[in-house]
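This is what each chain is made of:
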Amino acid sequence: MSATLITNIQQLIGTREENVLLRGAALAHLPSIENAFVLIEDGIIAEYGAMYELELKVPQLPKDIIDADGQFVLPCWCDSHTHIVFAKSREEEFIDKLKGMSYADIAAKGGGILNSASKLNEASEEALFLHAWKRLEEVSKLGTGAIEIKSGYGLTVQAELKMLRVIKKLKERSDLSIKATFLGAHTYPLQYKDDHQGYIDSIINEMLPVIAAEKLADYIDVFCETGFFSPEEMETICKAGMSYGLKPKLHVNQLNSIGGMEAAIKLNAVSVDHLETMTETDITLLRQAGAQGMIGTLLPTAAFFLRMNYQPARILIDNNCAIALASDYNPGSSPSGNMNFVVALSCIQMKMLPEEAINAATINGAYAMELQNEVGSITIGKKANLIFTIPIPSLAYLPYCFGNNLIDKVMINGMFI
Ligand code: NIG
Ligand code: FE
């Protein structure tokens, strides 16, 4: 057995004896221990506590002891919504947007998701894997220890399966905890522009059976939006996915409120993601669904990058909703997977408290991937996925000092990366 003891931690953040999905006011409570230790055995948190309890809780000290004097230690970020398998970046569209085009304009002229799809169709599985692997390495150095990854830039049977096989390989080879989501319904490919049923049939009859047979996905997603998939189409696609055991995690209410929330609730979705555009009714629905465990995942860097209104985080929290934060890392609306910035932006622009943002990006993010028994807090039996900060004066300094790298090192499964 390998054992490591971390001692003299200035503050150990996110210590929880039990798992709870945090809703409303509970999000502001982030338990922590000052002057603390953590014992790690075989990559798992075996014990933790205050330094004065060390002798009692760890009678036999291991050889490997790391002094974390002055450092804050947090559970790694749980990024529950990304699209990190893509072939190429899209900074040419970024320039188009600077010159005045909207996200919808770009999509309408064959840019956006379709642009990424044509690039992905040309790329080999090996190349896609290598690019995605680099992005995983990049985000893990920024403190991400668990991540959800979607398909959705294939849009053909072959290319969607290629993407999902890349994600499967990432799962097999990476030390990060990874969940895979099938997003064949990201947009209608050009040849199905006027034949929606044709593409839905392809998803249901050609893609899903292979995905199920090869166990390529954990979840199913649909981009429910004007000009993309209607709530009814989303229901049809999700029901087919659910018949293979894939639970819905859905893109809703990004640009318009078109009934995605109602449909998501009927489908008993694990999470509803984006939520830039929320009506009073949507908020009420999310509050009611939150009581049943449905999570609203806010993606503030997408709002930032597309210069949209931010998600109404304060109103959602004050309405007792269960909120998670994720990066949406993708080439079109959020070309960054930096969860430190997501947390900072959530505080700066959405007025979340540091405790709320950190909870939403750790334990609630873990819930949004159904990984709450594995990651998301400092809890005995969970993976030792830990962020070590450089010496900082307080926890609030993390979002306050946005854009600065405050991470000294990151541990995944008990090993420094
Ligand atoms: O979550 N909104 C839909 N899908 C992605 C962006 C896709 C793209 O522009 O490539 C998102 O923001
Ligand atoms: Fe997304």
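Structure's up top.
Quick summary incoming for the structure in this document. (Residues numbered from 1 in each chain as written. Chains lettered and ligands numbered in written order. Predicted model: local features only at pLDDT ≥ 70, side-chain atom pairs only at ≥ 80, totals over all residues. Heavy atoms only, no water.)

1. Looking at a nonpolar patch on the surface
Logical step 1: A contiguous nonpolar patch, built from F94, I95 and L98 and spanning about 260 Å² of accessible area, is present on the exposed surface.
Logical step 2: Structurally, the position occupied by F94 is in helix α2 (residues 91–98). (Patch = residues over 30% accessible without salt bridge, like charges linked within 9 Å, V, L, I, M, F, W, Y side chains within 5 Å. Areas by Shrake-Rupley, 256 points an atom, 1.4 Å probe, with all protein chains shown as cover. Salt bridge = Lys/Arg side-chain N within 4 Å of Asp/Glu carboxyl O. Helix = DSSP H or I, 4+ residues; strand = E, 2+ residues; numbered from the N terminus.)

2. Topic: the coordination of the iron ion (ligand 2)
Logical step 1: Coordination sphere of the iron ion (ligand 2), protein contribution only: H81 (NE2), H83 (NE2), H251 (NE2) and D328 (OD), at 2.1 to 2.2 Å.
Logical step 2: One chain supplies every donor for the iron ion (ligand 2), spaced along it as H-x1-H-x167-H-x76-D. Here the residue H81 occupies a position in the loop between β6 (77–79) and α2, and D328 occupies one in the loop between β13 (323–325) and α13 (339–350), the gap between them amounting to 247 residues. Taken as a pair, H81 and D328 share a single burial class, namely buried. (Donors = N, O, S within 2.8 Å, 3.2 Å for Na, K, Ca; no water. Buried < 20%, exposed > 50% of the residue type's maximum accessible area, 1.4 Å probe, protein only.)

3. Here's the deal with the pairing of strand β3 (residues 44–50)
Logical step 1: Taken across its seven residues, β3 has five buried, putting it largely inside the fold.
Logical step 2: Bridging between strand β2 (residues 32–41) and β3 involves six bridges; their strand directions are antiparallel. Along β3, the bridge assignment pairs A36 with A50.
Logical step 3: The turn linking β2 back onto β3 is made up of two residues, and D42 within it adopts a positive phi angle of 50 degrees. (Pairing = 2+ DSSP bridges.)

4. Quick look at helix α8 (residues 231–243)
Logical step 1: Taking 1.5 Å per residue as the helical rise, α8 with its 13 residues ought to reach 18 Å, and the 18 Å between its terminal C-alpha atoms agrees with that figure.
Logical step 2: The set of residues buried in α8 consists of P231, E233, M234, E235, I237, C238, A240 and G241.
Logical step 3: Considering only its buried residues, α8 is in contact with β8 (177–185), α7 (196–213), β9 (219–222), β10 (247–252) and α9 (260–266).
Logical step 4: G245 lies just past α8 and shows a positive phi near 90 degrees. (Expected span 1.5 Å × (residues − 1). Contact = heavy atoms within 4.5 Å.)

5. Observations concerning the side chain of T362
Logical step 1: For T362, the position within the fold is in the loop between α14 (354–361) and α15 (363–367).
Logical step 2: A polar contact of 2.6 Å, which involves the side chain of T362, links it to the backbone oxygen of I358.
Logical step 3: If sequence neighbours within four positions are ignored, T362 has contacts with P75, C76, W77, C78 and G376. (Polar contact = N/O pair within 3.5 Å; in protein donor to acceptor, adjacent residues only side chain to side chain.)

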